[in-house]
Structures are given as C-alpha cells and as structure tokens.
Amino acid sequence: MITSIHILDQFLFYSMVAVFGSVWAIMRAYELYQQLKNSRYRLALTIIESAVQKTYDTYTREIKKAREDGKLTPEERKKAFHLAMQTAIEMARGQNIELNNIIRKELLPYFIHRALQKLKLQRSR
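Residues numbered from 1 in each chain as written. Predicted model: local features only at pLDDT ≥ 70, side-chain atom pairs only at ≥ 80, totals over all residues. Heavy atoms only, no water.

Just give me the short version of the packing of aromatic side chains, but keep the residues and values in it.
In total, this model carries three aromatic pairs according to the counting rule given. Judged by centre distance (5.2 Å) and plane angle (70°), the rings of Phe 13 and Tyr 14 are edge-to-face. For Tyr 14, a relative accessible area of 54% puts it in the exposed group. Taking 5.1 Å as the distance between ring centres and 70° as the angle between the ring planes, the aromatic pair formed by Tyr 110 and Phe 111 counts as edge-to-face. According to the relative accessible area criterion, Phe 111 is buried, its value standing at 8%. (Phe/Tyr/Trp six-rings, centres within 6.5 Å; stacked < 30°, edge-to-face > 60°. Buried < 20%, exposed > 50% of the residue type's maximum accessible area, 1.4 Å probe, protein only.)

So, in structure tokens, the structure goes:
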C-alpha cells in the first residue's frame, strides 16, 4: 500500500510491523505457556505412577505373597487405591506441587487406574 504522503507511508509500515510483531509475541508466549503446562502435566503423571509403585511395594506385594491365590479382597483393593491417591498427593506436595491444580480431582482416580494397569502390564512381562 503506497500513498502520495510519505509520512503516512511510514506510519502504515510501522503500524503493520507493530501489529505483526505483537501477534508473533502473543503466539510465542502461548507456545511457551503450553510447554510449561505440558511439562507440569507430565511431572504429575510421573508422580502418580511413582505413588502407585510405592503403594504396591509397601502394601500390596506383602498381602499378595501371603495368599495362595495372590489376590486382594475388594476391601484391600479399595484401601490400596486410596493409599495410592494419598501417596500421590503427598509426593506432589513434597515437591511443592498441588496435584489438584494440574489434574482435576475428578480425573485423579482415572490416572491412578491407568498407572495401575501400566504396572500390571509391566509385572506380567
């Protein structure tokens, strides 16, 4: 876009540079925010998996060894599940992370079950 007024040309040019620069800065900031959010999310999932492993090591393994069939009762499974949830929350707090701010409280049981399935799959190999 070229006009016959030189000052207007410069104004339009610098205005366009400012607009495109602002858009680029906003897009870059959003990208950095997403990277930070994803890294915190991955850290939270790692903490959950560690909590499930710790619960297995400290609670579940001994009960399974003591039984012929190697299975937990429904009450023991429920207790192990709650122990894993509490352990995950405590481990996160130990690293100054509020787990419920990263993963919604309603989704925490799903991620505990997912980590448990992953652990079972590893144990079966």
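Resuming the write-up.
Can you lay out the confidence of the model for the protein for me, pointing to particular residues and giving the numbers?
In the predicted model, the protein carries a mean pLDDT of 87, and the fraction of residues at 70 or more is 97%. Mean pLDDT across the elements of the protein bottoms out in helix H3 (residues 99-102) (85) and peaks in helix H2 (residues 74-94) (93). (pLDDT = per-residue confidence, 0-100. Helix = DSSP H or I, 4+ residues; strand = E, 2+ residues; numbered from the N terminus.)

Any chance you could break down the pattern of salt bridges for me, citing the residues and the numbers?
Tallied over the full model, the rule gives six salt bridges. A salt bridge links Arg 28 to Glu 31, with the shortest nitrogen-to-oxygen separation between them at 2.8 Å. Residue Arg 28 and its partner Glu 31 are both found in helix H1 (residues 6-66); the two are separated by three residues, about one turn of the helix. You can call Arg 28 partly exposed: its relative accessible area is 35%. Across the pair Arg 61 and Asp 57 runs a salt bridge whose closest N-O atoms are separated by 2.9 Å. Of this pair, Arg 61 and Asp 57 both sit in helix H1, separated by four residues, roughly a single helical turn. A relative accessible area of 31% places Asp 57 in the partly exposed class. (Salt bridge = Lys/Arg side-chain N within 4 Å of Asp/Glu carboxyl O.)

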